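What follows is each chain in one-letter form.
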Amino acid sequence: MTQQVQALFDKIWQDYLTVTPSAKKIHQLLGSGGDVINDHVAYRTFNLPSIGLDKLAQHLTKLGYKACGDYHFEQKKLVAKHYEHPNDTMPKVFISELLVEEFSPEVQSIIHRLVDQMPADVASREDFLYSGTHWQVSYQDYQTLLAESEYAAWMAAWGYRANHFTVSINHLENFDDIHAVNQALKDAGFKLNSSGGEVKGDETVKLEQSSTLADKALVSFSDVEMEIPSCFYEFAKRYPMPDGKLYTGFVAASADKIFESTNAQ
Ligand code: OOG
Ligand code: NI
């Protein structure tokens, strides 16, 4: 099972690198061999029946992943769950879904128009978690989505692929402190997401996180090609619980700010 999980994430990583070239450079900057372990990978989707969070999760549960925490982001109109594998060296997965019915009729109709273009069985295909979009979207519709939800616009442009990978600082040989990681990234010219401060969370919530601002990559909209924010790289340091095991959950207040790593600057 572990080998299948590894093989799946190798494919997801290769696809992610095609639109996130900085991830490869950062991987080399922070790592010193085999020490870059993924804390987690994140996915986004719409809460429509054919394509909800559970449709993504089925690709993981069949490999032994189990649903753990539930999260709600009221302002962003999102809910999320995280999944863990019994082999704790496998990445956790954070999947969120947009509450489509809470948006304006115009935004809802654009989203339905996208999802209606998806082939019926596409969500159960083997390659779904690294398959990108299954629809055409105009730059105008992208802009309309962007005005109400950056998340909806990102989904319309990028679809089903890892939104980010996350370096586990706990496993790095050359770094132990998230501030030092951030400094090394900035010294090398990478831009960090500073929404809510560069470091989200602290030892009291058992999780510290930071992230780059998303790279930019070219998208072929139905009417025009444009460079827009693609995917980002995250850094996480986990602290032990009273029983000595590292905390494995997420922190909603921090996650709320991590979502903003794909905002346009
Ligand atoms: C997910 C943001 C939340 C975390 O680690 O808290 C998250 C997203 O941007 O889709 O990944
Ligand atoms: Ni994350």
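Procedures and definitions
Residues numbered from 1 in each chain as written. Chains lettered and ligands numbered in written order. Predicted model: local features only at pLDDT ≥ 70, side-chain atom pairs only at ≥ 80, totals over all residues. Axes fitted to C-alpha atoms, helices over the stretch in contact; angles between N-to-C directions. Helix = DSSP H or I, 4+ residues; strand = E, 2+ residues; numbered from the N terminus. Parallel < 35°, antiparallel > 145°, perpendicular 65-115°, else oblique. Contact = placed C-beta atoms within 7 Å. Nonpolar A, V, L, I, M, F, W, Y, C, P; charged D, E, K, R; others polar. Buried ≥ 20, exposed ≤ 12 C-beta atoms within 10 Å, placed from the backbone. Pairing = 2+ DSSP bridges. Arc of directions from axis to C-beta.

A. Here's a closer look at the packing of helix H5 (residues 139-148) against helix H6 (residues 150-158). Relative to each other, H5 and H6 sit at 150°, their axes nearing to 6 Å. In terms of orientation, H5 and H6 fall into the roughly antiparallel class. On H6, the residues that touch Asp-141, Tyr-142, Leu-145, Leu-146 and Glu-148 of H5 are Glu-150, Ala-152, Ala-153, Ala-156 and Ala-157. Class assignment of the residues belonging to the contact of H5 with H6 gives a composition of seven nonpolar, no polar and three charged.

B. Expanded view of the pairing of strand S9 (residues 232-238). Where burial is concerned, most of S9 is hidden: six out of the seven residues are buried. In the sheet, strand S5 (residues 164-168) pairs with S9 via five bridges, with the strands oriented parallel. Each bridged residue has a counterpart across the sheet, and for Ser-168 the counterpart in S9 is Ala-236. Note that strand S6 (residues 207-211) and S9 share five bridges and pair antiparallel. By the bridge assignment, Ser-210 is partnered in S9 with Phe-235.

C. Spatial organisation of helix H7 (residues 178-187). For H7, the set of buried residues is Ile-178, Val-181, Asn-182 and Leu-185. Considered in projection along H7, the buried side chains sweep an arc of 95° and stay on one side of the axis. With respect to the buried face of H7, the exposed residues turned more than 90 degrees away are His-179 and Asp-187. At its buried positions, H7 is contacted by helix H2 (21-30), S6 and S9. Gly-189 lies just past H7 and shows a positive phi near 95°.

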